[in-house]
Amino acid sequence: MATEDVLLEVWAKKKTDSGGAEIRYPLLYHMLDVAVVALAVWQSCLQSGARHFCAEQLGVDEMEARRLISCWAGLHDIGKASPGFQCQDEATKLQLKNSGFDISGTRDHGTVTAALLRVFLRDTIEPDLARKVATAVGGHHGVFPRSEQVNKAQAGTRLWPVAQKGLYDTFCGLCRLDSSLPPTASPAPAFFMFLAGLTSVSDWIASNETFFPIDHAQDASLEAHVAYAWDQAEVALKELFWEGWQPASAMADFKHLFSFEERPLQSDAVNLACAMSDRPGLVIIEAPTGEGKTEAAMYLADSWAVGIGQKGCYFALPTMATSDQMFGRVRSYLENRYRDQTVNLMLLHGHAALSAEFESHLKRFDAHGVSGDDGYDGVGAGVIASEWFTYRKRGLLAPFGVGTIDQILLAVLQTRHVFVRLFGLAGKTVIIDEVHAYDTYMTSLLERLLEWLAALGSSVVMLSATLPRLRKDALLKAYAKGLGQIGEDVPAEVSKVCYPRISWTDGGAFYAKSVGRTSQEGTKELRLRWVNGDLPQDGGEFELGDQLQEALSNGGCAAVICNTVDKAQQVYLALKPHFPGMADDGGPVLDLLHARYLFGDRRERENRCLVRFGKPGATVHSDDGDREVRRPGKAVLVATQVIEQSLDLDFDLMVTEMAPVDLLLQRAGRLHRHQRTPEERQGLVEPALWVCWPQITAEVPDFGGGTQAVYDYHVLLRSWLAIKDRLAIRIPGEVEDLIEAVYGKWECPDDLPQELKGVLVCSKAKHDDDMERERREAEDRWIKWPGFNGELWRITYETKEEDEPSLHKSHQALTRLAGLNVNVLCLYGSESLAFMDKRRTQPVDFGACPTLEMARRLLKHSISISRRDLVETMVGGDGYRIPRIWREAAPLRHHYILFFDEQSLCCFDQFEISLDDELGLTIARVA
């Protein structure tokens, strides 16, 4: 039974050709294909840091580790040599039965693989290690097989064991899997996640018929097929644009990389990069906006790529808008640093296909479109994004990526193929911006992620303008824990180093130093003014509008930041009589920006804001082409929190609703952000922050239902107490004291009114309960920590679903806990006859799976809705889900549909929903 001809009868894949004949692809071929692809990935795609990590874990040199890992990956499908898989059609079942084979067995071939390899691998490695390797490669379809499943697996009797052992021996002979590991070899869970990820990725590539066609000639010898597989693997990696990039051989001068002289903070980062370039670590940079944290982080990533062969970088941001803007900056850096190389850079978020810059950057190609050394269509070396990497789960595999933090938090949530994400991040540098923007739930996930990144040999840089000391220390400890430094606290002398600062750890100890500031831009005095933000009642006066109109009587650019979309829409309408007409740049004097516009409209408004209020001399990429920043003489932008993070905007004056103090400071970072003359600022020479005064009842502040629904009331109270008597805030000198006053250890002040003290104590108890609940929610969803010493399958044993709002939240792999939200396509007409436009000239076909171009057009008509009562009604069964066939288009998979009439009105259940070109989506509940 173990002869080559007979072994080739065991199939892995099959299809029917155009003439109706069935073609089968031998299992042995596919196993060899996967092994060879894994070899090629190791050789062409993994950098020295990842290869060293694997060799160190196994206790062998890199060549031996390469051979073992590729062979183990190839063995992933040996479970297909079993009755449960081979007997999937009646003809095969009858043939096997007549040949004397047992025809009943376990259907899941991954489980059978784990059962077989537990036994077969004991010839070369210790039983415990054999069990773990078997589990890792047996989980290549997304979930590790459980021990009880493996123990009960029916791999077949009678002739099956002979066939399986013959297949194993033949494969191992071809791969030369004949040596054993040191008896002391005891890889950590991180290694097995890496192995599982590499196995899945290699299987995906080797299963792609473009590169490994089923109808490939099958009359060649096995040795000849190995040579053929190697050629195909090289073609695949080349055409998927995964190979080609290599780190620079030497560290670069900062000015050479970024075309400007380094600032004091960046000088400190450069010095630290030189000191840490030979080992991975975590660096946390805390400094005000405008000090160059982003470039400092990029330089650190570059130094690790040169020093220890980190295999690229992922830049994580809080929102899609901030990701889009950062994409251009990272692209410019890469094009400058690797002018003679092809570099794969991906934009990763749900609407990445709609990014104008990413679209211009994405080079489409078919399977035969790349040849020679000139790249695709003769474009030559450059930064290229491969569509292959845009598919779900695989986006983090590209050497370089920019996207939302959600993409990396999914790497520690119990989801199918979670190990593919960890494999993609292993040995990379991960840069996480706006760290202060995340709540307790997300921060808990972030700590678990830091543990895994440390265990996988990844470096991390975290950036924040304002970070509480306790949170910073927890992040440092999490990374150190992943390196095996468990339970040690950050020493007080390190924790209390003055802000702005850089803190870091490489597993040996914790360090921190206060960093220098740019004299011109790094220090400013923020003038505070309390104002009445109440909306006018029954046609009355709008006090804030009058004050703002007077302040801008000579011109200037102001922002008014509201905490909810509804409030932003109301404030915008109330300000319209005060700021009519068009500005001197051709745009409206009064503008509005929030998250409840159709995605295409929101992108247009975001670009308009960047053009009007962005950095002088900058270029903004949009669907209409590149536009230079042009600041209007007078303009007011009413916006929500969408402008407070990472967007490079600059205002002369700002009005804000009350918010936690760190977010107030973050918003104020958009005040006088860039150097401008007094004439350019129309006389508004001091950065001024107007804060809306809360309603006071019995000496207890009420910040409004919308604000208190968004932010924790206790944090709002402490923030108000910290700033209510101030006339100014010195930045950065007073930043840390304010942050610690709100987020540090707390005792209720004795000098407060009794009513307020009681509210503070009660709100603190609720705050603590909410934080504990969020931590438990994170623990219910995350994978176990990398030091877990139990069965491998237990690390991810309760998989959750991604992006499925119709499920109860306990079954969802949530990266954010802040309420439900759904993605909605806003169409016109009805289920029977739908259109994308109000004039009904662009029909929609619900009976066909949308093409990529159609999906992109539909996404421009999408919107994310988070209003709780409406969302609950939609996901509770009353909402109209997209047709089942549309769910094959990944960008649309979990969308709902709202149908609007000719007046752009949708009456849904108890809601009246309107699409307004000026206001965006408005939602009203009707009786």
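See the structure above.
Anyway, here's the lowdown on the structure attached to this text. Note that the coordinates shown come from a computational prediction; the quantities given were computed from them, not determined experimentally.

**Observations concerning the sheet that holds strand β29 (residues 905–908)**
Phase 1 of the analysis: Strand order in the open sheet formed by three strands is β29-β30-β31, with antiparallel pairing between adjacent strands. Of all the strands in the sheet, just β29 and β31 (920–925) have a single pairing partner and so form its edges. Strand-to-strand twist across the sheet, computed as the mean angle between neighbouring axes with direction ignored, equals 20°.
Phase 2 of the analysis: Of the strand pairs in this sheet, β29 and strand β30 (residues 911–916) are connected by four bridges, and their pairing is antiparallel. Note that in β30 the partner of C907 across the bridge is E912.

**Some details on the sheet that holds strand β14 (residues 590–593)**
Strand pairing within a sheet occurs via backbone hydrogen bonds; the two strands may be parallel or antiparallel.
Phase 1 of the analysis: An order of β14-β17-β13-β18-β19-β12-β22 is seen for the seven strands of this open sheet, with the pairing classed as mixed. Lying at the two open borders of the sheet, with one neighbouring strand each, are β14 and β22 (728–731). Sheet twist, expressed as the average angle between the axes of neighbouring strands with direction ignored, equals 20°.
Phase 2 of the analysis: Bridge analysis of strand β18 (residues 653–656) against strand β19 (residues 688–692) gives four bridges, and the strand direction is parallel. Of the residues in β19, the one forming a bridge with L653 is A688.
Phase 3 of the analysis: Along the sheet, helix α24 (residues 565–575) makes contact with β13 (556–561), β14 and β17 (634–639), crossing β14 at roughly 175°.

**Concerning unusual backbone geometry**
Phase 1 of the analysis: Cis geometry marks the peptide bond from Y499 to P500, where omega comes out at -5°.
Phase 2 of the analysis: Structurally, P500 is set in the loop between α22 (492–495) and β10 (501–505).
Phase 3 of the analysis: With an omega dihedral of 10°, the bond running from I731 to P732 counts as a cis peptide bond.
Phase 4 of the analysis: Tracing the backbone shows P732 in the loop between β22 and α29 (735–743).
Phase 5 of the analysis: Located in the positive-phi region is D909, a residue other than glycine, with phi close to 50°.
Phase 6 of the analysis: You can see D909 is positioned in the loop between β29 and β30.
Phase 7 of the analysis: Of the residues examined, D909 reaches a relative accessible area of 47% and is grouped as partly exposed.

**Concerning the pairing of strand β2 (residues 22–26)**
Phase 1 of the analysis: Two strands pair when backbone bridges link them, and strand β1 (residues 11–16) and β2 are joined in this way by five bridges, in the antiparallel orientation. Among the inter-strand pairings, K15 is bridged to a residue of β2, identified as I23.
Phase 2 of the analysis: Between the end of β1 and the start of β2, which pair antiparallel, lie five residues, with G20 showing a positive phi angle near 90°.

**Some thoughts on the pattern of salt bridges**
Phase 1 of the analysis: On inspection of all chains with the given rule, the structure shows 54 salt bridges.
Phase 2 of the analysis: One salt bridge connects E22 with R24, and the closest N-O pair in it is separated by 2.8 Å.
Phase 3 of the analysis: Relative accessible area serves as the criterion here: at 43%, E22 is assigned to the partly exposed category.
Phase 4 of the analysis: Residues K132 and D128 are paired through a salt bridge, measuring 3.4 Å at the closest nitrogen-oxygen approach. A residue pair is termed a helical-turn pair when its members lie 3 or 4 positions apart in one helix, as K132 and D128 do in helix α8 (residues 127–138) at four residues.
Phase 5 of the analysis: The class for D128 is partly exposed, based on a relative accessible area of 36%.
Phase 6 of the analysis: A single network of salt bridges, built from pairs that share partners, joins R631, D650, D652, R676 and R681.

**What about empty space enclosed by the protein?**
Phase 1 of the analysis: Overall, the coordinates contain eight cavities of 30 Å³ or more when judged by the stated rule.
Phase 2 of the analysis: Put simply, the largest cavity is a space of about 140 Å³.
Phase 3 of the analysis: Residue lining of the largest cavity: 17 residues in total, with A301, G312, C313, Y333 and F400 positioned closest to the centre.
Phase 4 of the analysis: For the lining of the largest cavity, the secondary structure elements donating two or more residues are α15 (293–308), β4 (313–317), α16 (320–337), β7 (400–404) and β8 (429–432).
Phase 5 of the analysis: The greatest single-element share of the lining of the largest cavity, amounting to four residues, is contributed by α15.
Phase 6 of the analysis: Here the lining of the largest cavity is composed, by residue class, of 12 nonpolar, four polar and one charged.
Phase 7 of the analysis: Put simply, the second largest cavity is a space of about 90 Å³.

**Re the packing of aromatic side chains**
Two aromatic rings are characterised by how far apart their centres lie and by the angle between their planes.
Phase 1 of the analysis: For the structure on display, the rule yields 26 aromatic pairs.
Phase 2 of the analysis: Taking 4.8 Å as the distance between ring centres and 50° as the angle between the ring planes, the aromatic pair formed by F254 and F258 counts as tilted. Taken as a pair, F254 and F258 lie in helix α13 (residues 254–258) at a separation of four residues, close to a single helical turn. For the residue pair F254 and F258, the accessibility class agrees, reading buried in each case.
Phase 3 of the analysis: Among the aromatic residues, those joined into a cluster by ring pairs are F254, F258, F260, Y299 and Y333.
Phase 4 of the analysis: For the cation-ring pair, R448 lies above W782, with the distance from its terminal atom to the ring centre recorded as 4.0 Å.

**Some details on the state of the cysteines**
Phase 1 of the analysis: Following the criterion strictly, the structure yields zero disulfides and no others.
Phase 2 of the analysis: Here C172 stays free of any disulfide, with the sulfur of C71 as its closest cysteine sulfur at 6.6 Å.

**Observations regarding the side chain of Q232**
Phase 1 of the analysis: As for its placement among the helices and strands, Q232 is situated in helix α12 (residues 222–239).
Phase 2 of the analysis: Aside from chain neighbours lying at most four places away, what touches Q232 is F211 and F212.

**Digging into the nonpolar core**
Phase 1 of the analysis: Ranked by internal contacts, the top residues of the largest apolar core, which has 142 residues, are W72, F171, W242, I408, I432, L446 and M462.
Phase 2 of the analysis: In terms of residue count, the dominant contributor to this core is helix α2 (residues 27–44) (13 residues).
Phase 3 of the analysis: Every residue in contact with W242, bar those within four places of it in the chain, is listed here: V41, C45, V201, I205, L237, F389, L397, P399 and F423.
Phase 4 of the analysis: A639, V642, L665 and V715 belong to the second largest nonpolar core, which has 51 residues in total.

Conventions we followed
Residues numbered from 1 in each chain as written. Predicted model: local features only at pLDDT ≥ 70, side-chain atom pairs only at ≥ 80, totals over all residues. Heavy atoms only, no water. Pairing = 2+ DSSP bridges. Helix = DSSP H or I, 4+ residues; strand = E, 2+ residues; numbered from the N terminus. Axes fitted to C-alpha atoms, helices over the stretch in contact; angles between N-to-C directions. Contact = heavy atoms within 4.5 Å. Buried < 20%, exposed > 50% of the residue type's maximum accessible area, 1.4 Å probe, protein only. Salt bridge = Lys/Arg side-chain N within 4 Å of Asp/Glu carboxyl O. 1 Å grid on protein atoms, 1.4 Å probe; cavity = no way out; pocket = protein on both sides within 12 Å on 5 of 7 lines; lining within 4 Å. Points joined across faces, edges and corners; volume = space filled by probe spheres on them. Nonpolar A, V, L, I, M, F, W, Y, C, P; charged D, E, K, R; others polar. Phe/Tyr/Trp six-rings, centres within 6.5 Å; stacked < 30°, edge-to-face > 60°. Lys NZ or Arg CZ within 6 Å of the ring centre and 35° of its normal. Disulfide = S-S within 2.5 Å. Core = buried A, V, L, I, M, F, W, Y, C linked by side-chain atoms within 4.5 Å.

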